[in-house]
Amino acid sequence: MSWILPPGASTFAGDIDFLYYVILVITGIAFVVVEVGLLVFAIKYRARPGRKAQYIEGSIKAEIIWTAVPAVTLVIIGLMSGGVWNHIKGRNSIPPNAIPYEVHVKQFEWNFTYRGPDGQLGTSDDFIVRNQLHIPVNRPVELQLIAEDVIHSFFVPAFRVKQDAVPGMDIRVWFEATKVGEYEIACAELCGLGHYRMRARVFVHSAEDYQQWLSDRAAAADEE
Amino acid sequence: MATSAVSLEPAAHVEAHELSFLRKYIFSTDHKIIGIQFLLMSFVFLLFGGLMAMMIRWQLGFPERPLPAGQLLPETMAPGGILLPEFYNSLVTMHGTIMVFFAIMPLLVGVFGNYLIPLKLGAPDMAFPRLNMASFWIAFSAGILMMAGFFVEGGHAAAGWTAYAPLSADPEWTGVSGGQQIWLLSIAILGLASIMGALNYITTVVNLRAPGMTWFRMPLSIWALFVTAILVLLAIPILSGAAIMLFFDQTIGTHFFDWTDGGQVILWQHLFWYFGHPEVYILILPAMGMVSDIIANGSRKPVFGYHSMVFALISIAFLGWVVWGHHMFQSGMNPTLGMTFMISTMIIAVPSAIKVFNWMGTMWRGNIRFHVPMLHSVGFVAMFVIGGLSGIFMASTPVDIYIHDTYFIVAHIHYVLFGGSLFAIFAAVTYWYPKMFGRMMNSTVGKVHFWLTFLFYNMTFFPMHDLGIAGHMRRIYDPSQYEFLQPLAPLNRFITVSALLLFTVQILFAANFIMSWFKGKKAGENPWEANGLEWTVASPPPHGNFAKVPTVYRGPYEYSSPLVEEDFLMQTRKLASDVDPAAAGP
Amino acid sequence: MRRFWVTSCLFAFLGCGGGDGGSGGGGGAAETAPLGNASISGMVMFSGDAPANPAIDMSEEPECAAKHTDGPTNPIVSVTDGHLANVFVRVVGGLPGGPYPVPSEPATIDQNGCLYVPRVVGVMVGQTLAITNSDPLLHNIKAVPTENRLFNISQPRAGMTSNRIFTAPEIMVPFECSVHGWMNAYAGVVEHPYFAVSGADGSFTISGLPAGTYQVEAWHETLGTQSGDVTVEADGSATLTFTFGG
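Residues numbered from 1 in each chain as written. Chains lettered and ligands numbered in written order. Predicted model: local features only at pLDDT ≥ 70, side-chain atom pairs only at ≥ 80, totals over all residues.

The next point concerns the sheet that holds strand β9 (residues 139-143) of chain C. Residues and elements named next belong to chain C. With respect to topology, 5 strands assemble into an open sheet ordered β7-β13-β12-β9-β10, the strand pairing being mixed. A strand with exactly one partner marks an edge of an open sheet, and here the two such strands are β7 (120-124) and β10 (151-155). On average, each strand axis in the sheet is tilted by 25° relative to the strand beside it, whichever way the strands run. As paired strands, β9 and β10 are joined by 5 bridges and run antiparallel to one another. The residue of β10 that forms the bridge with Asn140 is Ser154. (Pairing = 2+ DSSP bridges. Helix = DSSP H or I, 4+ residues; strand = E, 2+ residues; numbered from the N terminus. Axes fitted to C-alpha atoms, helices over the stretch in contact; angles between N-to-C directions.)

Structure below.
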């Protein structure tokens, strides 16, 4: 039982995890103050023969303190969060050199369209791989999510990436993987009976392995 | 009485005619009977909702094992007693739907709004007693209709209690058509009942307060119910409208949410959550109000910061209208809205924090009696604060990227709705039971029920935060499909066992409730030594409540007042130093 | 009291089950009582070079991939030595009027190796179609017919059977699996029992016919529909050949 986040593998993880731990510490302190306070009051002020409660109606000073302190704290958390949000999800946040992919999302599969050797999406050498996303490490990638039936959500826990795919909307999500390896993609929006099995995998390759994979794929496509 | 509205004059016909059993107990216009009708109906739905939760947890804890008595279920739901994924989705949908709309909302608003408002304000009944009766029977009909959805071909609605389009709009995606349509109709009909109730509550609070009952002498339970009624009046029509639009998309060929024909998919989410966020405050404010009354009574002290508490209630209700987008941060809506909704969401945490500190302040330097309602109320504060604090994580939009649609959210929901609302309901039912039924609930059984519930409740829901932090998604029939979720199977099993124990332990409450009705110790007028007007009349009160219009001399929380020997001072007790109010009204 | 009656009614309903799909076949007669003893046997040919069927990427479904020794392909046009399989052949004219007894034996369709097997199946109106899963993983059987009620059901484990009954004739009811986008099947729902599906060798037989002249139609999912006429004597047999082009 742990409140520690699993290891992150993208450039977003640092910022998001930091915010999470800041909030964890702040809420942890508030939690301890309130729960211990309740416990102490329950014990210390329990009814005993001969005791009387003190007739206190309130305290303006207390109200000001416990309004201002939470308010200031929360506004600070909000401001800290704003910059990170803008960097990840802002309309103009997608790096211009991001490698583009199309993802056709449907009940209950992810069909990733690769731009093929000519480096252009939407040309005849594009190819599709079902439920496998291959990307190079340390390069930003941009996925255009095209939902074909209902709302799905592209979620890669290791990358701290989540974005709903909505039919009829042009939705882009970008990220940059920082560690070579294999990671799972899950659907994070109830999309029907197969929602629980709408799983795909991301393969993060070194630059050379990525090129190799691409050319192997192109060669296999030629054979067909 | 020929007019439909009720005046402050004591009901002259209180003893005049004996009503038939049907008119007295079934089609009653007496707010107290209607409140009890809502109570019984809601408990039945609470049981159904809980059973569904047990089935969901069984699947998550023991996925290969047939459900106990699972062979009773038809092949379309659970062949060989093992749930099908589509039925699991339906259970998840219906658990949420039934708990929100047919258990918690009627328990808080239907039961206590009805029962307490006239009594605590010194009125003989609601402003519109026949409208009140209609609102119960319409709600009841909506409930029957909702249950019928289980028996239609294709099964019941399975798109979540949030019913996002297009999953909910086109039967092709789920195989469900009749079930979703029944769901929509039932919600619209229930909405009608809620709106009627809200009209009644607001009118009664504005117009039927006894002489001397100024706005700032009203108990916080009534303030909360009043503010809630305003939220209901404004929010429910939006849900009804959206439900009707979706119903039309399903049945008569409109395309409100159909992107292939000019509609907008996320319009549904905006409409639903514009209702949905005020709705969650509807589900907590009455609980907060009643807990305030009970904590003051248990602590034998005034509520700390009464005026702040009132303003906090109003702020929460007001701000609740501008935070709905926090349910939609990852929805694809303009990311700038992520910023604006984050700020408003952070701000709305403040009045809730104020309330928590004021409850603590009420207990501070008190002389605390830990009767069963007080135990549950302190439990409420302890659990609600966890739910509130977990909300801060999701208010931060970047952190929400990770935890949205995971079990972290499920933990949050249940800490505020169960740890919050349901504990408050246990407190309130136990507290006002003697007034409703003339008998006390058994205190020892009540204490055992509280402690076991508190224990198993935290064992069930606290670990869900961990599941969420590990990335465990919501509404997932079989987490073992994902390698990163397989190590969480033991935790899921632990949660399931705790949930089963939690559910089983509720038998103590049910048994206590039923047995005390017949065998409980008879209750006097004021068993808790409380200050409100309801404690000045018999338990249960006669039809018409007050033989004579009461006069109010002070606020509701004059506990341990220096003016008297006893540690409570009732609102209607006239002291030598008190002056009669000049005229009836505020 | 009121609550008691409502609850009892609810329990009574529960016993009846939640809708269609319970086991058990359609109509009355134990066996199809043939109207006669004549039969039409035939062959479906394919002329020209057989088109290559697309390869299926089963790399993310290892249990299914293991069942295909060569790389799996999607058998859209299934040609063996110039013979075309999976053509749905049925009598469309010349039959005496119905109704025709519905067999209690179900028609069957299986999911094996992440493919519907057979790809094309015939079933009578009111006859049970038993859908089975031989793969140890989730299949989602989705049918979106135009004349019949749509259904969208799951079979998460091997060994499961789901029964469906169609209430109206339809050529053809398309089946999909939403989990495996390449999986397709077609059910021909006919009011009478005089239909068949061509096998891998292209052959088909329709038996139990009275003597007469019949119009016959052959349907393929991509190659279109062909028609032919045939006359049979009582207790006799006649042949019919269809040729689809590439």
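Further notes follow.
Before going further, it helps to spend a moment on the interface of chain A and chain B. Buried accessible area, meaning the area lost when the parts come together, often serves as the stated size of an interface. Each side of the interface is counted separately: chain A has 75 residues, and chain B has 81 residues. Going through the elements one at a time, α1 (11-44), α2 (60-89), β7 (161-165) and β9 (181-187) of chain A are the ones with two or more residues in the side of chain A that touches chain B. The dominant element in the side of chain A that touches chain B, judged by the number of residues it contributes, is α2(A), at 16 residues. In terms of residue class, the side of chain A that touches chain B is built from 42 nonpolar, 16 polar and 17 charged. (Contact = placed C-beta atoms within 7 Å. Nonpolar A, V, L, I, M, F, W, Y, C, P; charged D, E, K, R; others polar.)

What follows concerns the interface of chain C and chain A. Each partner contributes residues to the interface: chain C has 10 residues there, and chain A has 12 residues. Taken together, the residues that form the side of chain C that touches chain A break down as 3 nonpolar, 5 polar and 2 charged.

Before going further, it helps to examine the nonpolar core. Judged by nonpolar contacts, the single largest core of 328 residues is most densely connected at Leu246(B), Trp268(B), Leu285(B), Leu313(B) and Ala427(B). Among the elements that make up this core, the one with the highest residue count is helix α3 (residues 85-121) of chain B (23 residues). Shared between two domains, this core takes at least three residues from each, and those domains are domain 1 (11-89) and domain 2 (99-223) of chain A. Discounting chain neighbours no more than four positions away, the residues touching Leu313(B) are Trp223(B), Ala224(B), Val227(B) and Leu285(B). (Core = buried A, V, L, I, M, F, W, Y, C linked by C-beta atoms within 7 Å. Buried ≥ 20, exposed ≤ 12 C-beta atoms within 10 Å, placed from the backbone. Domains from an automatic or database assignment.)

Further remarks concern the environment of Pro136(C). Residues and elements named next belong to chain C. When you line up the elements, Pro136 lands in the loop between β8 (128-133) and β9. Assessed through the 11 C-beta atoms surrounding it within 10 Å, Pro136 is described here as exposed. As a C-alpha pair, Pro136 and Gly113 span 23 residues in sequence and 9.6 Å in three-dimensional space. If sequence neighbours within four positions are ignored, Pro136 has contacts with Glu63, Arg157 and Ala158.

Here the focus is the environment of Asp126(A). All names here are of chain A. Assignment of secondary structure puts Asp126 in the loop between β2 (109-114) and β3 (127-130). Note: C-alpha distance between Asp126 and Gly116 (10 residues apart in sequence) is 4.7 Å. Discounting chain neighbours no more than four positions away, the residues touching Asp126 are Thr113, Tyr114, Arg115, Gly116 and Leu121.

Let us look at the pairing of β2(A). Working note: regular strand, side chains alternate between the two faces of the sheet. All names here are of chain A. Where strand β1 (residues 99-106) meets β2, 5 bridges bridge the pair, whose relative direction is antiparallel. Directly across from Lys106, in β2, lies its bridge partner Glu109. Taken together, β1 and the strand that follows it, β2, pair antiparallel across an intervening segment of 2 residues. As paired elements, β2 and β3 share 4 bridges and run antiparallel to each other. Looking at the pairing, Tyr114 lines up with Phe127 of β3.

Before going further, it helps to spend a moment on unusual backbone geometry. Across the junction of Ser539(B) and Pro540(B), the peptide omega takes the value -5°, indicating a cis bond. Relative to the assigned elements, Pro540(B) resides in the segment after α15 (489-519). Between Ile171(C) and the following residue, Met172(C), the backbone shows a cis peptide bond with an omega angle of -10°. Topologically, Met172(C) is positioned in strand β12 (residues 170-177). Positive phi is not limited to glycine here, since Arg300(B) has a value of about 60°.

Residue and element names in this part refer to chain C. Taking strand neighbours across the sheet as the criterion, the 4 strands line up as β6-β5-β8-β11 in an open arrangement whose pairing is mixed. Two strands close off the open sheet at either side, each with one partner strand: β6 (115-117) and β11 (161-165). The mean inter-strand angle of the sheet, taken between neighbouring strand axes irrespective of direction, is 25°.

The terminal C-alpha atoms of helix α11 (residues 372-395) of chain B lie 34 Å apart, and with 24 residues this matches the ideal 34 Å at 1.5 Å per residue to within 8%. Within α11(B), 24 of the 24 residues are buried, which leaves it mostly tucked inside the rest of the structure. (Expected span 1.5 Å × (residues − 1).)

Once that is clear, we can look at the packing of α3(B) against helix α13 (residues 407-437) of chain B. Residue and element names in this part refer to chain B. The interhelical angle for the contact between α3 and α13, taken along N-to-C directions, is 30°, at an axis separation of 11 Å. Classed by the angle they form, the pair α3 and α13 counts as roughly parallel. As for the relative orientation of α3 and α13, their crossing is left-handed in sense. Counting all contacts with α3, which are made through Ile104, Leu107, Leu108, Phe112 and Tyr115, the residues of α13 involved are Leu417, Ser421, Ile425, Ala428, Trp432 and Met436. (Parallel < 35°, antiparallel > 145°, perpendicular 65-115°, else oblique. Left-handed = near helix turned anticlockwise from the far one by under 90°.)

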